[in-house]
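Here is what each chain is made of, one letter per residue.
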Amino acid sequence: MSAPATELPTDHALAAAYGRGDEQAAAELVRRHADALARFLYSAGAALEETEDLVQETLFRAFRGLHGWRRDASFRSWLFTIGGNLLRDEARRRRGRLLIQLDDRQLPDRSDPHAELAAGEAEERVRAGLSRLSPMQREVFLLRVQEGAAYEDIAAALGTTAGAARVHYHHAVKRLKELVR
Amino acid sequence: MTPCDHLSDRMPAVVLRRTRWSADEEAHLAGCADCRAEWDLVQAANRLAAASPGVADQAALTDGLLRRLAEEPVSRVDGRAIRWVGLAAAAALAAAVWLGAGPGPTTVASGAAEPAETLTTAQVDSLLERQDVPLAGWSMLDTPTLGDLNEDELERVLRTWEG
């Protein structure tokens, strides 16, 4: 007979435990979400060499501001919004300069039928396109596509409504189609 | 809901392998260029995530994070309190501008400068975070779009669309 499965503590329970001083709870939250956060930040335009620093800064801000987590949003969605805000701050700090270089030299010449398309070109085009969206559009799109988050969860994390999140998603798709074409 | 809307809603779950396309959905996808373009986009975004680097050394990340958290204690200031302070500062600034015919420019400048100087980094962040600006591609050629609407405006548009 197999041993009964132990139920994993929820993110809510771990956050509450950390609030009571349990550092292992924080470590478990990091283990659960750090990689996904890194993927989100990179997809959203963070430079490769800066991604880990941004992950740590996002987690730092999140743990310091746990009281600001609205429990109707998932911890991960909330983390992503903090990360998105950090990226925006970085863009401002650089006075609008890009976190990733989007000049045309990096993009294959679509008018040249003989141009050999590099592996991963579509992904890089999407990444470049994502950095041209508004933060709201970008976060909604990535939360949907990379995390499969429901509009209700996205709305709770971003402080908007599910209907508005849906509009942002469709608008993001429309703009990305134009940018990636 | 149109078949395109239905497919669009299902794409994240399918790309994350939580479900599969039905035969009807596959048939629609095969015949609808718009849906295919969206599906290509969703798949590329998903591959982008898969190709993204994770955290190389999670133990080191966690150690560094816990050390920082121990060195800089958790802020117990409620976000609402910060917002009220920000609102008060904004009101003071507005009053200074409104009553600009005071004793002279020195007074106005002083009244305007004080609230800004007393803003904390968190308050400044809070104000800045309300601006929804893109990371890149700032262009005069960008035309206002639905994504530029605020939540209330979006809601009104949605209500119009959805009857």
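Because the structure is predicted, anything quoted here is derived from the model rather than measured. (Residues numbered from 1 in each chain as written. Chains lettered and ligands numbered in written order. Predicted model: local features only at pLDDT ≥ 70, side-chain atom pairs only at ≥ 80, totals over all residues.)

A. Expanded view of the overall build of chain B. Within chain B, the secondary structure is distributed over eight helices and zero strands. N-terminal to C-terminal, the α/β element order of chain B is α-α-α-α-α-α-α-α. In chain B, buried positions account for 15% of the 163 residues. The contacts in chain B between residues at least 6 apart in sequence include a share of 50% that link residues at least 24 apart. (Helix = DSSP H or I, 4+ residues; strand = E, 2+ residues; numbered from the N terminus. Buried ≥ 20, exposed ≤ 12 C-beta atoms within 10 Å, placed from the backbone. Contact = placed C-beta atoms within 7 Å.)

B. Focus on the overall build of chain A. Tallying secondary structure elements over chain A gives eight helices and zero strands in all. Along its sequence from the N terminus, chain A presents helices and strands in the succession α-α-α-α-α-α-α-α. Expressed as a percentage of its 181 residues, the buried residues of chain A come to 50%. In chain A, the share of contacts with a sequence separation of at least 24, taken over all contacts with a separation of at least 6, comes to 66%.

C. Structural view of the environment of Leu176(A). With respect to the element layout, Leu176(A) can be found in helix α8 (residues 162-180). Owing to 25 C-beta atoms within 10 Å, Leu176(A) belongs among the buried residues under this scheme. Residues Leu176(A) and Arg132(A), spaced 44 residues apart in sequence, show a C-alpha to C-alpha distance of 8.7 Å. Aside from chain neighbours lying at most four places away, what touches Leu176(A) is Val126(A), Gly129(A) and Leu41(B).

D. Broad picture of the nonpolar core. Core analysis: the largest hydrophobic core is formed by 64 residues, its most contacted members being Leu41(A), Val55(A), Val140(A) and Ile154(A). Residue contacts for Val55(A): discarding those within four places in its chain leaves Ala34(A), Leu37(A), Ala38(A), Leu41(A), Val55(B) and Leu61(B). (Core = buried A, V, L, I, M, F, W, Y, C linked by C-beta atoms within 7 Å.)

E. Broad picture of the confidence of the model for chain A. Chain-level statistics for chain A give a pLDDT mean of 83 and a share of 83% at 70 or above. Throughout residues 101-119 of chain A the model reports pLDDT below 50, and contacts reaching past four residues in sequence, or to other chains, amount to twelve contacts. (pLDDT = per-residue confidence, 0-100.)

F. Local environment of the packing of helix α5 (residues 121-130) of chain A against helix α3 (residues 33-51) of chain B. Following both chains from N to C, one finds α5(A) and α3(B) inclined at 95°, their axes separated by 8 Å at the closest point. As the angle between them shows, α5(A) and α3(B) are arranged roughly perpendicular. On the side of α5(A), the interface is formed by Ala122(A), Glu123(A), Val126(A) and Arg127(A), while α3(B) contributes Leu41(B), Ala44(B), Ala45(B), Arg47(B), Leu48(B) and Ala51(B). Classifying every residue of the contact of α5(A) with α3(B) by side-chain character gives seven nonpolar, no polar and three charged. (Axes fitted to C-alpha atoms, helices over the stretch in contact; angles between N-to-C directions. Parallel < 35°, antiparallel > 145°, perpendicular 65-115°, else oblique. Nonpolar A, V, L, I, M, F, W, Y, C, P; charged D, E, K, R; others polar.)

G. Focus on unusual backbone geometry. Positive phi values are uncommon outside glycine, yet Arg17(B) reaches one of about 60°. Of the residues examined, Arg17(B) has 9 C-beta atoms within 10 Å and is grouped as exposed.

H. Representation of helix α4 (residues 58-71) of chain B in the model. All names here are of chain B. Between its first and last C-alpha, α4 extends 20 Å over 14 residues, near the 20 Å set by a 1.5 Å rise per residue. Among all positions in α4, only Leu61, Thr62 and Leu65 are buried. For α4, the angular spread of the buried residues around the axis is 95°, confining them to a single face. Looking at α4, the residues exposed on the side facing more than 90 degrees away from the buried face are Ala59, Ala60, Asp63, Arg67, Ala70 and Glu71. (Expected span 1.5 Å × (residues − 1). Arc of directions from axis to C-beta.)

I. Inspection of α8(A) at higher detail. End to end, α8(A) covers 26 Å across 19 residues, agreeing with the expected 27 Å (1.5 Å per residue, within 8%). Those residues of α8(A) not exposed but buried are Ala164(A), Ala165(A), Arg166(A), Val167(A), His168(A), Tyr169(A), His171(A), Ala172(A), Val173(A), Arg175(A), Leu176(A) and Val180(A).

J. Molecular detail of the packing of α8(A) against α3(B). Relative orientation of the contacting elements α8(A) and α3(B) amounts to 85°, with a least axis distance of 10 Å. On the basis of their axis angle, the class for α8(A) and α3(B) is roughly perpendicular. Here α8(A) contributes Val173(A), Leu176(A), Lys177(A) and Val180(A) to the contact with α3(B), which in turn contributes Ala37(B), Glu38(B) and Leu41(B). Residue composition of the contact of α8(A) with α3(B), grouped by class: five nonpolar, no polar and two charged.

K. Summary view of the confidence of the model for chain B. Residues and elements named next belong to chain B. Summing up the model confidence of chain B, the mean pLDDT is 70 and the portion of residues at 70 or higher is 49%. Highest mean pLDDT in chain B belongs to helix α2 (residues 23-31) (95); lowest belongs to helix α6 (residues 105-118) (38). Contacts from residues 124-133, a stretch scored under 50 in pLDDT, to residues over four places away or in other chains number eleven contacts. Low pLDDT, under 50, characterises residues 137-145; the predicted model gives this stretch five contacts beyond four residues in sequence or across chains. Across the whole predicted complex the pTM is 0.66, and at the interface the ipTM reaches 0.76.

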